[in-house]
Amino acid sequence: MVGRHATGRRRAALTALGALALTAAVPSAASAGPPPAPGPLPTAAQTLGADRAPAELLRALGRDLGLTADQASARLVNEAEAGTRAGRLRTTLGGHFAGAWVSGTTSAQLTVATTDAAQVAAIRAQGAEATVVKRTLADLNAVKERLDAAARRVRTPDTPVWYVDVPANQVVVQATDRQAAAAFVQAAGMKAGDVGVRVSADRPRVLADLVGGEAYYIDDKARCSIGFSVTKGQEQGFASAGHCGKPGASTAGADKSAQGEFKASAFPGKDMSWVAVNDTWTATPDVKGEAEQKVQVAGSVQGLVGTSVCRSGSTTGWHCGTIEQHDASVSYAEGTVDGLTQTTVCAEPGDSGGPFVSGTQAQGMTSGGSGDCTNGGTTFFQPVNPVLQEFGLTLKTAENRSTLPAPADEAAADGWRSGRVYEAGSTVVHGGTRYTCLQNHQAQTAWSPEGTPALWQRAA
């Protein structure tokens, strides 16, 4: 977010916020003239912008993941294509699907798990490695839901994290010792063998900072980092972490000028919020990278486990790592938060609320973690798509161009509509044809089903 009448000094300070502030300006059909002739459909990498990654993003991936520029570029393309193939296989495998992940220096290997050995050939036909496991993804999610329910009844200070480990085909409880893990599992009405245990002294904490410095301030006390620029009707604002402020709390920019107020916030349980800003602030299409460089964000397609991801924050700047788990539950001192994504990216107090991106795709806002950016650590983020859905927000994105005519939203309840958040496996009707969603994302005008095989597949 930048102030319209900001001075040069103020603009530089605001850039340091690490905000994802994006503009969406797709010309209307009335002003755009005759539609262009349809061309070949874009690949997944082209749809998600992975084939044109900014140089600063490639440099950061090289620094934090030990990659050459060519390897970093290849990795982003491979991850984009893998997400689409995994989505297609999820549809093909149905109830036997047990998850998917990427691996290797350039994420060249996609592995898809199934509980049915007869489906191995179908997986390999999509260029993926197949692994046959005992439990479906639905089975694993059901086990985690029992732990989630137990955490609402009992305190979990010594079992601060639990999640579905897709590659290991098990639910894992992170605990300070095995006795604590056993007690938690028993409280959930399960046996010790139902989950795996990871013993660690780490205790994740939320990453708000009460000492001040830069970024945005809450009631002249706490400091957090701007996440993603959003709109709601005519209001502009940004999404951030819920623990940064409560509804009605006022915010100020890095230079302490008046900025806005929290319109909605949820913490614990979830870690999400959005701030509406006053009319001196305007959204831009940037996330701060290194050395005042910027990365433009084009959408919110969720990355697979193993995908590279980078974070921007007002304390430690720009750092990268990989996605380890989705749907992790974390027990902070203030309460448990469900549905977080676990990463190998480091973070420190004051980075809370800042954006995570995978290539040019928004992933989420920094919630909390353990460790630091000197010795390394683990950081969790609140996925952005649930925030957009929960608060009725629209992510502002850099302009997406399409060779297809601008589509019309469908009026029917199951019709495709731009601005809606769709999850993998959901179906819509568009142009009289039913489509199945392949990857979690918020729909954009340029991403209608018939033109984005990276995100949608004709339903059988």
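Everything discussed here concerns the structure shown above.
In this text, all values refer to a predicted model and were calculated from it rather than measured experimentally.

Asks: What is the right way to look at the state of the cysteines in this model?
Replies: Note on terminology: a disulfide is the covalent bond linking the sulfur atoms of two cysteines. All told, the structure shown has three disulfides when counted by the stated rule. Residue pairing for Cys-224: its cysteine sulfur links by disulfide to Cys-244, the two sulfurs lying 2.0 Å apart. Between Cys-224 and Cys-244, the S-S torsion sits near -95 degrees, and that sign places the bridge as left-handed. Placement of Cys-224 in strand β10 (residues 222-224) and of Cys-244 in the loop between β12 (235-240) and β13 (250-252) is noted, with a sequence separation of 20 residues between them. Across this residue pair, the class does not change: Cys-224 and Cys-244 are buried. In this model Cys-310 forms its disulfide with Cys-320; the gap between the sulfur atoms is 2.1 Å. What sets the handedness of the Cys-310 and Cys-320 disulfide is the S-S torsion sign, and at about 100 degrees it is right-handed. Within this pair, whereas Cys-310 is found in strand β19 (residues 308-313), its partner Cys-320 is found in strand β20 (residues 317-332), the two being separated by 10 residues in sequence. In the chain, the bonded cysteines, numbered by position in the sequence, are linked as 1-2, 3-4, 5-6.

Asks: So what exactly am I meant to see when it comes to the sheet that holds β12 here?
Replies: Whenever strands of a sheet pair, they do so through backbone hydrogen bonds, lying parallel or antiparallel. Strand order in the open sheet made by the eight strands is β10-β9-β13-β14-β15-β12-β11-β25, with antiparallel pairing throughout. Every interior strand has two partners, whereas the edge strands, β10 and β25 (394-395), have only one. As judged from the four bridges shared by β12 and strand β15 (residues 272-277), these two strands associate in the antiparallel manner. Bridge pairing in β15 places Gly-237 opposite Ala-276.

Asks: Just to check I follow, could you spell out the nonpolar core for this structure?
Replies: Nonpolar side chains tend toward joint burial in soluble globular proteins. Counting 49 residues, the largest nonpolar core has Leu-57, Leu-61, Trp-318 and Trp-456 as the members making the most contacts within it. Setting aside residues no more than four positions away along its own chain, Leu-61 makes contact with Gly-66, Leu-67, Ala-72, Leu-76, Ser-308, Cys-310 and Cys-320.

Asks: What is the right way to read unusual backbone geometry from this model?
Replies: In terms of backbone geometry, most residues other than glycine have negative phi values and most peptide bonds are trans. Cis peptide bonds are those with omega within 30 degrees of zero, and the linkage from Phe-267 to Pro-268 qualifies with -10 degrees. The backbone phi angle of Asn-169 is positive, close to 55 degrees, even though this residue is not glycine. Its place among the elements puts Asn-169 in the loop between β5 (161-165) and β6 (170-175). Of the residues examined, Asn-169 reaches a relative accessible area of 10% and is grouped as buried. In the Ramachandran plot, Asp-327 falls in the positive-phi region, its phi being about 55 degrees despite a non-glycine side chain. Residue placement: Asp-327 occurs in strand β20.

Definitions and limits used
- Residues numbered from 1 in each chain as written.
- Predicted model: local features only at pLDDT ≥ 70, side-chain atom pairs only at ≥ 80, totals over all residues.
- Heavy atoms only, no water.
- Disulfide = S-S within 2.5 Å.
- Helix = DSSP H or I, 4+ residues; strand = E, 2+ residues; numbered from the N terminus.
- Buried < 20%, exposed > 50% of the residue type's maximum accessible area, 1.4 Å probe, protein only.
- Pairing = 2+ DSSP bridges.
- Core = buried A, V, L, I, M, F, W, Y, C linked by side-chain atoms within 4.5 Å.
- Contact = heavy atoms within 4.5 Å.

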